[in-house]
Each structure stands twice: as C-alpha cells, then as structure tokens.
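Summary of structural features
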Amino acid sequence: MTIIDQTRLPLEEKFLSSKNYRDVCEWIKSLRIRGAPAIGIAAAYAAALAAFEFGSKGKIDPRLDGALGEIHQTRPTAVNIRNILARLRKLDLSGKVVGDVFLGEAHKILAEEVDSCRKIGRFGLELVPDEAVILTHCHTGGLATGGYGTALGIIRAAHEAGKRVMVIADETRPLLQGARLTAYELQKLGIDFKLIVDGASGIAMKKFKVDLVVVGADRIAANGDTANKIGTYNLSVLCKEHKIPFYIAAPSSSFDLAAKSGEDIPIEERNPDEVTHFRVAPSAPWRKFIMTLMGANCRSAPENISVYAPAFDVTPADNIAAFITERGIIRKPYLASIAKAVG
Ligand code: MRU
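Rules of the game
- Residues numbered from 1 in each chain as written.
- Predicted model: local features only at pLDDT ≥ 70, side-chain atom pairs only at ≥ 80, totals over all residues.
- Heavy atoms only, no water.
- Helix = DSSP H or I, 4+ residues; strand = E, 2+ residues; numbered from the N terminus.
- Polar contact = N/O pair within 3.5 Å; in protein donor to acceptor, adjacent residues only side chain to side chain.
- Buried < 20%, exposed > 50% of the residue type's maximum accessible area, 1.4 Å probe, protein only.
- Pairing = 2+ DSSP bridges.
- Near = heavy atom within 4 Å.
- Areas by Shrake-Rupley, 256 points an atom, 1.4 Å probe, with all protein chains shown as cover.
- Nonpolar A, V, L, I, M, F, W, Y, C, P; charged D, E, K, R; others polar.
- Domains from an automatic or database assignment.
- Expected span 1.5 Å × (residues − 1).
- Arc of directions from axis to C-beta.
- Contact = heavy atoms within 4.5 Å.

What follows deals with the side chain of Ser337. Mapped onto the secondary structure, Ser337 falls in helix H12 (residues 334-342). Of the polar contacts made by the side chain of Ser337, one reaches the backbone oxygen of Pro333; its length is 3.0 Å.

Structure (structure tokens):
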C-alpha cells in the first residue's frame, strides 16, 4: 500500500509504501494519512494486508481478529474506520482466502468513496450561488477522502461548473490542515482563496460577505449532531449570528445511527505537544539537521502547563442547515430524514 505523507505537505511530496498493516496503523495514528473517508479506506487495505500476513482462510482467525482490533483502535472519532471494519466482518469468507476477499472489498470501498465525492459535488452545486464566497475549515479535499473531496468537492464542482467562487480557508490550529493541505489543493486546482487564522473567521464573514460555510464530518449521529475538526462548532455559532447557512458535506460512511446524539460520540484528545509546540518545516537540509538535533517541534508555550487538546468538537444539529451526501441533500427534521437517507 502506498500513500502520500500528509504530515510533510506542502513542503515535501513524500510517498510511503508498506505491506505491513502495523505501518498503516502508525500512518493513521500519526496523521500521515488522515481525513475520515481516507482513513476508512486505509483501514480496509490494512485489514487485507493483515489477512494475507496471517494466511487466514475461510474465517477471521484469532490473530486476524486481533489485527482488526488494532486497526479499530487507531483513531476513535471518525466512524468510517468502524463502519468499514464492520462491513468486512460481515463478508462471506467460507472456503476463501480472506486476504483476497478483503482486498476485493477494499477496492470496492475505494471506488464507492470516489463516486460518493463526485455525487456530493454535484448535489452541493445547487447550494452555491454564482460568485459565492465560501468559508471552510480543516481539510476535506482529495487527500482526505475518496480522491475528489467532500466539502472541498463541492467547491471544486462549483469551480468546474464555471461559478466564480472565492474560498476563505481556516488555517485549523493546531495541526494546520487548512494552511498545509487545503491551501495546497486549492492552489493546485487554481481556485481563488485566502488563508486566515481560525480567530479571523468572524471578521472574514463580515468583510468578505461569506455566502455559506461548508465543512466535512468525522461522525454524524442519528439526530444530526456532528463531530468535526476542533473549531467547527464555533463556526456554526458564528454562522447563526451572521445568518449564514452552515452545511456539512459527508458520505454515508460517516454516519453512525447507533449514536443517538453527539453525547455518544467519543472525542479524540491529542498529545498536548501539538498545542504547546509548532512544527519546524523540514524542507531544507539544514532544517532537517536541526530537527534531528531538537526533535521535530519548536516549543511555543511554557513547560509544565496544563493543556486541553480535543481534536474534534460536536456541532448541534440545530445549527446545521443541511447535510450534503452522495444520496442527496438531507434537511430537517434530521431524525427522520437521516434515517430515511442512510438507515
Ligand atoms: O484529524 P483529522 O485531520 O483526520 O480530521 C479531519 C477532519 O476533521 C476534517 O475536518 C474533515 O472534515 C473530515 S474528513 C473529510
């Protein structure tokens, strides 16, 4: 399996390859591959690698079961990993080489996610006026999804349809997915954008007359409460104040109908170092040398302080104007409409 290391972007386009599922687990934990749909796809391929390694035949034997457990444990909030592993566990394995079955299913899942992104882009078009100013948070482009993007897929589809869009991209502290990855993809796509610090979203909404905010999701509960990158909830509240529609774009693999509300969604807490340190850019050789001496990070806060580092927050369903999925646009009342669309 080969991925581009997202932690190195945009300074370095470095590819990583491995046939060991443990490496894929490490890639997911360290965010070398990240974004809910992308880590779901990676989990499927990791499961296939584990099944080949253990020579599993006809059933999920105890060692493979343990490996699936390890893959499950990598990141807790994005439900895509859990949904996809549950899907693999339900496959008919009798008399078959499990690796072959899992690999076939992983290819299928990848193709479905690619198709979902395209459909999300098409359905989202009707919500984007011509000359729209669109604010987005974190990174929801091709690298984080099935190759076209979810929220960014809508922006991309609008751009391709000839609507003149301008994007305001939050940098997304602390790991800067917006600054590093959204800016990287938008620049490659030739879409007009401005990068802002997260705290500038209020003034940017006023100054640039933002028409809509669209973001992705890591887990959507049955009632529509949605976990997404930390800072998303704040944006939804700002949208209320400014009367701007706030949309979530996500494939059906990001829904968790077993979670009744946001209360049931586990929120990942990250290493406090991600908040107290800034990454040193590793592009130039001398910087790499300094990184080797100092470690990859530069401290920006005092030592021995208390830190709270949630990676996600939950936006209440009430703040969400609609969900854009590959099955169409889902509107309120969400309990019924979500169950109908993805149940
Ligand atoms: O911690 P990450 O970078 O994996 O988090 C991903 C997000 O929260 C993104 O905002 C995204 O919306 C969900 S995946 C397209």
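Resuming the write-up.
Side chains Phe246 and Ile248 project from strand S9 (residues 246-249) onto one buried face, and the interleaved Tyr247 and Ala249 project onto a second face that is buried too. As paired elements, strand S6 (residues 212-215) and S9 share 3 bridges and run parallel to each other. Directly across from Val214, in S9, lies its bridge partner Tyr247.

Lining the immediate surroundings of the ligand are 17 residues, of which Arg34, Arg75, Asp218, Asn228 and Lys229 lie closest. Gln177 places a polar side-chain atom, nitrogen or oxygen, 2.8 Å from an oxygen atom of the ligand. In this structure, Asp218 approaches the ligand through a side-chain N or O atom, which is 2.6 Å from an oxygen atom. Relative to its unbound accessible area of 410 Å², the ligand is 99% covered by the protein chains. Mapped onto the shell around the ligand, the elements with two or more residues apiece are helix H2 (36-53) and strand S8 (226-229). Considering only residue class, the shell around the ligand consists of 5 nonpolar, 8 polar and 4 charged. Each of domain 1 (2-117) and domain 2 (121-265 + 310-342) contributes no fewer than three residues to the shell around the ligand.

Let us now look at helix H3 (residues 62-73). Over its 12 residues, H3 runs 17 Å from end to end, which matches the ideal 16 Å to within 8%, given 1.5 Å per residue. Turning to H3, its buried residues are Leu64, Ala67, Leu68 and Ile71. In an axial view of H3, the angular spread of the buried residues amounts to 100°, which keeps them on one side of the axis. Facing away from the buried surface of H3 by more than 90 degrees, the exposed residues are Pro62, Arg63 and Gln73. Of the surrounding secondary structure, the elements contacted by the buried residues of H3 are helix H1 (21-29), H2, helix H4 (79-89) and helix H5 (98-124).

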